[in-house]
Amino acid sequence: MTSLRKLGRYELVEPLGAGGLGEVWLARLSGAGGFEKPAIVKTVLPALANDEQFVQRFHHEGKVLVHMSHSNIAQVYDLDVSDGVLFMALEYVAGVDLARLVTQVYTADERVPVPVAVFIAWQAAEGLAYAHTKAAPDGTALAI
């Protein structure tokens, strides 16, 4: 069991994944009167946090995502540095990730039903279409 630690305003609850760029955590934002909100926190590996080009791209990602308001795109809550760790906090979306769903279906020697596959593709396409046509508040294309 991973011990809880804080990163800025976020309590890191459970690691969800790790890769060559950083880690993804299930986190909790707590406030007065027992207020709690789940979130996802993406951290950046220390070596990359010292790479100015990577940091600029990470900041750009946060600045672009903050303009997105679509049901199929997670909202950005925060982009910050805490204790030398660069991180982005995002909306937590409950559910099973697509990779896990597909693995479970194929492990059971089944196939994703066509209506389910079509619905998933449709929702992904809607989010992508929104992102690719979204403009910044000043009207300039975000060029995603």
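Parameters and conventions
Residues numbered from 1 in each chain as written. Predicted model: local features only at pLDDT ≥ 70, side-chain atom pairs only at ≥ 80, totals over all residues. Heavy atoms only, no water. Helix = DSSP H or I, 4+ residues; strand = E, 2+ residues; numbered from the N terminus. Contact = heavy atoms within 4.5 Å. Pairing = 2+ DSSP bridges. Salt bridge = Lys/Arg side-chain N within 4 Å of Asp/Glu carboxyl O. Buried < 20%, exposed > 50% of the residue type's maximum accessible area, 1.4 Å probe, protein only. Polar contact = N/O pair within 3.5 Å; in protein donor to acceptor, adjacent residues only side chain to side chain.

Locating histidine 59 in the fold gives a position in helix α2 (residues 52-65). The spatial distance from the C-alpha of histidine 59 to the C-alpha of methionine 88 is 9.0 Å, given a sequence separation of 29 residues. Dropping the residues within four chain positions of it, histidine 59 is found in contact with Leu79 and Leu86.

Strand direction decides the pairing type here: strand β2 (residues 10-18) and strand β3 (residues 22-30), joined by 7 bridges, are antiparallel. From the neighbouring strand, proline 15 faces β3, where its bridge partner is tryptophan 25. Where β2 hands over to β3, the hairpin turn is made up of 3 residues, counted between the paired strands. Between β3 and strand β4 (residues 36-44), which pair antiparallel in sequence order, lie 5 residues; one of them, glycine 33, sits at a positive phi of approximately 65°.

Glancing now at the pattern of salt bridges. Counted by the stated rule, this structure contains 4 salt bridges. Of the charged contacts in the structure, one is a salt bridge between glutamate 11 and arginine 28, with a shortest N-O distance of 3.1 Å. With glutamate 11 in strand β2 and arginine 28 in strand β3, this pair connects stretches of sequence that are 17 residues apart. Look at glutamate 11 and you get partly exposed, because its relative accessible area is 21%. On the basis of relative accessibility, which here comes to 23%, the residue arginine 28 falls in the partly exposed class. Residues glutamate 36 and arginine 28 are paired through a salt bridge, measuring 3.9 Å at the closest nitrogen-oxygen approach. The structure contains a network of salt bridges with shared partners spanning Glu11, Arg28 and Glu36.

Moving on, we get to the side chain of histidine 70. Position of histidine 70 relative to the elements: it lies in the loop between α2 and β5 (76-82). Reaching out from histidine 70, the side chain makes a polar contact with the backbone nitrogen of asparagine 72 at a distance of 3.0 Å. Leave out the neighbours within four places in its chain, and histidine 70 touches Gln75, Glu126, Gly127 and Tyr130.

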